Amino acid sequence: MSRIFAIAFIALRSSIRSRIVLLLLAILLLVVIGLPLTVRSDGTMAGHVQIVLGYTLGSVFVILALAIVWAGCAAVSTEVQGRQLQLVVTKPVHAAQIWLGKWLGLLILNGVLLALAGAVIYGLLLWTTRDSVTTATDRIALREELLVARRPIDPTLPDIDTPARARLEELQRQQALPPDVSPTLAFDSIRHTMLADYFTVRPGAKREWIFDAPPGLNRKSSILFRMRFNSSDVGFSPVDGVWRVRCENGPEVFMKRDARVPGGTQTLLIPAGSLPADGRVIVEYQNLNGSITVLFDPENGIQLLAHAGTFEGNLLRTLLVIFVRLAFLAALGVTAGSLFSMPVAAFVSLCLLLLIQLGGYMQTAANEDLVFQSHHDAPHPPTARDIFYRRLFKAMNVVVGPLQGPDTLEPLSSGVMINVSSVARVFAVQGLLYTGVLLVVGSWILSRREVALPSD
Amino acid sequence: MAEHDPIIRAAELTKVFRDFWHRPKVRAVDHISFEVTRGEVFGLLGPNGSGKSTTIKMILGLLHPSHGELTVLGHPPRDVKSKARVGYLPEESYLYPYLTSEETLDFYGRLFDITAAQRRERVSQLLDMIGLTHARHRVVGEFSKGMARRIGLAQALINDPDLIVLDEPTSGLDPIGCRQMKDLIRTLANRGKTVLLSSHLLADVEDVCDRIAILYNGRIQASGPIRDLLEERTRQRITFPELPADALQRVLASLREIVGRELEVEHPRRDLEQFFLEVVEKARRSTTEQSGVGPSDRLAEYLSSSSAGRHE
């Protein structure tokens, strides 16, 4: 370990002496303090928190990610060029120790910078939401919706697959399916329509959603309902409705009538202590409009959010996820720098970063059969090119997919709990598995590389 | 590794540099074989581009042989077991310019897993030995070439090595520094250390080496003990104190009777290096104001006892 720490110390000193740290610190401070002051929110507390946390922390991650990849590439490649590595390699040091030392030095430095940025962002958030500059409504929103960690619970869906399959069979019997629509596509379409219907409340009608509350549901604290809906009214006029909450086989515990403008995310707070000690939670919405249909989003359009932890814990978990991702990126840079000279290593690393960012597109391309056949006018078996690309994207998605997500910034800034299990998963996949693979590859390259070639 | 086994053994050692497409580009070292035994100073001599540095870099594991066998202290060159007992002074300063002298030596000491207390002690002794105690907190990047060279030498000795590899050891040093370097090499050899050096400065090699190999175009052109290689066995020289003229004539007459041909009589000349050092030493003693930057004549204490054979 002494050798690894010695090399880590050199990597740290190198960064500090090259003034990259000062530059990074200046840029980070500029972003952390400047961004919330220059970007204007929509005037709500949610908008303000979104900017201070989501945008700022997101920018901090992007800056540190680019810096750590760059510094990682430089850590080995510039020492090969400057010949300093020749002296290190002639000492009794294993290639893995050199790799780990460089990686650790960068990680310590970026960890400190991330912690500093996190502390400044937290301080700034507290300062800009202090009691003297916020209204009572703002403070409730901050306490109950934003600066908190709530666990989302989705409504339990009824069995949609069985009626969807029955409907498909009926259409097939009637030979009512268009010839260019495959049964799979038709089933998906029917299922999607039925699901949307479950989240649709027609004029004057009522709809109930049942929430199988988990055993750990905190019923003593307040409960938040979060909903996203649109209406059939193109004029976006407010829709009038009544919300009722009760527990299964229990009396009504909450009722509120209000008029809400469609679009965006909206909330409804059920005061603390309203729910009984057990039983499934049932939420009912009654559409009081004569001609307007209310359409809730089938994807997270209505959720119950129960208190599950503190905002500080959530922030810490987010910083941990960012830190683990930085660890992976540092590994990527050090490995690329072990193989290539500085400009080539930086170019290769940035290309790989781009590839990782395109992971979502690759997933779609790999899964959506139609993507490759869209140029055909009529149904057509996939061509060899279609099959090749689909397999290529699938293979790439297998490698890059685990490096995607989870997105922690959006939940953090909207008060949604970031689970320890998601943090553990990021740690296991990106921090241990992928970084471990890069350690093995990088060490192998370093052990095989001739560091005193005349061309170096 | 037995006591009499060679410290370095190279057999048919070859290095071919290849281009991006793996096509042979340059044959820098071409089937050379040699051995370096314990306690000797072995010199690789040759003009620029003759393959000296390439050979040294293969011995240090910085380059991989294309062909042939190479063992260092009984192990392959890239084995950490052999690296733990080797000290290396490269041709140029490959030090970290942002570290101080003390940090530099401490860093390399840590790479040998030397304890903190031992490192502190060795760093102090080495800085004293190379005369840079006063500059222990100065960053190496500010040093002159000679000072950086001395730090380079100190880092090569931090692990009390059994084999010391010196690539152009006197490069960048002034005549005093050169003399001190050569004295140090001899002292280390007397303490049981094995020294392999490369140089194109013939006088340096002649002064310190026990055996040499002369390389040209990647091949060994001549090798052996330096005394054997340079000795002219068909001629002899007799040196004695200055004689009065008549006594000298009598001696010459006697010798002519035996040798039977013309004799050469001349005063022996000191070499320029020796003369220069005497002048500087005299000037140093007469100067009242001392700069105090000169190296001490003492070897670092921990290097003073022979370590040869203790790692078996």
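Scroll up to find the structure.
Model, not experiment: these values are computed from the prediction.

So, how was this worked out
Residues numbered from 1 in each chain as written. Chains lettered and ligands numbered in written order. Predicted model: local features only at pLDDT ≥ 70, side-chain atom pairs only at ≥ 80, totals over all residues. Heavy atoms only, no water. Helix = DSSP H or I, 4+ residues; strand = E, 2+ residues; numbered from the N terminus. Buried < 20%, exposed > 50% of the residue type's maximum accessible area, 1.4 Å probe, protein only. Contact = heavy atoms within 4.5 Å. Areas by Shrake-Rupley, 256 points an atom, 1.4 Å probe, with all protein chains shown as cover. Lys, Arg positive; Asp, Glu negative; His and termini not counted. Charge placed at Lys NZ, Arg CZ, Asp CG, Glu CD. Expected span 1.5 Å × (residues − 1). Axes fitted to C-alpha atoms, helices over the stretch in contact; angles between N-to-C directions. Parallel < 35°, antiparallel > 145°, perpendicular 65-115°, else oblique. Left-handed = near helix turned anticlockwise from the far one by under 90°. Nonpolar A, V, L, I, M, F, W, Y, C, P; charged D, E, K, R; others polar. Disulfide = S-S within 2.5 Å. Buried area = accessible area lost by both parts, 1.4 Å probe. Salt bridge = Lys/Arg side-chain N within 4 Å of Asp/Glu carboxyl O.

With that settled, the discussion passes to the overall build of chain A. Secondary structure assignment for chain A yields 14 helices and 10 strands. For chain A, the proportion of its 456 residues judged to be buried stands at 46%. Contacts spanning at least 24 positions in sequence make up 80% of the contacts within chain A whose residues lie at least 6 apart. Accessible area of chain A: about 22100 Å², with a carbon and sulfur share of 62%. Counting 39 positive and 34 negative side-chain charges, chain A places the centres of these two groups 10 Å from one another.

Okay, helix α5 (residues 145-157) of chain B next. The first and last C-alpha atoms of α5(B) sit 19 Å apart over 13 residues, in line with the 18 Å expected at 1.5 Å per residue. Counting buried positions over the 13 residues of α5(B) gives 11, a clear majority of the element. Turning to α5(B), its buried residues number three or more, namely B:G146, B:M147, B:A148, B:R149, B:I151, B:G152, B:L153, B:A154, B:Q155, B:A156 and B:L157. As for α5(B), its buried residues are in contact with α4 (84-89) of chain A together with β5 (86-89), α3 (101-111), α4 (116-129), β6 (163-167) and α6 (175-190) of chain B.

With that out of the way, let us pick up helix α6 (residues 136-146) of chain A. Buried within α6(A) we find A:A141, A:L142, A:E144 and A:L146. Looking at the buried residues of α6(A), the elements they touch are α3 (45-81), β1 (148-153), β4 (223-231), β7 (265-270), α9 (311-339) and α13 (409-413) of chain A.

A few words now on the packing of α3(B) against α5(B). All names here are of chain B. Axis separation between α3 and α5 bottoms out at 9 Å; the angle between their running directions is 30°. With respect to their mutual orientation, α3 and α5 come out roughly parallel. In this structure, α3 crosses over α5, and the sense of that crossing is right-handed. In contact with S101, T104, L105 and Y108 of α3, α5 contributes I151, A154 and Q155. When the residues that make up the contact of α3 with α5 are grouped by side-chain class, the tally is four nonpolar, three polar and no charged.

For the rest of this paragraph, the subject is the state of the cysteines. According to the stated counting rule, one finds zero disulfides over all chains in the structure shown. Here A:C351 stays unpaired: no disulfide links it, and the sulfur of A:C73, its closest cysteine neighbor, is 11 Å away.

Moving on, we come to the interface of chain B and chain A. Taken residue by residue, the interface counts 28 residues in chain B and 32 residues in chain A. Overall, the association of chain B and chain A removes approximately 3000 Å² of surface from exposure, summing both partners, and the carbon and sulfur fraction of that is 62%. Ranking the residues of chain B by area buried against chain A places B:Y94, B:Y98 and B:L111 at the top, with a combined share of 24%. The closest approach of N and O atoms between B:E103 and A:R13, which form a salt bridge, is 2.9 Å.

The subject of this paragraph is the environment of A:D278. Residue and element names in this part refer to chain A. Here D278 is to be found in the loop between β7 and β8 (281-287). For D278, a relative accessible area of 56% puts it in the exposed group. For the pair D278 and G250, spaced 28 residues apart in sequence, the C-alpha separation works out to 10.0 Å. Each residue touching D278, except ones within four places of it in the same chain, is listed here: R219 and C247.

Function-wise, these values are silent; they only describe arrangement.
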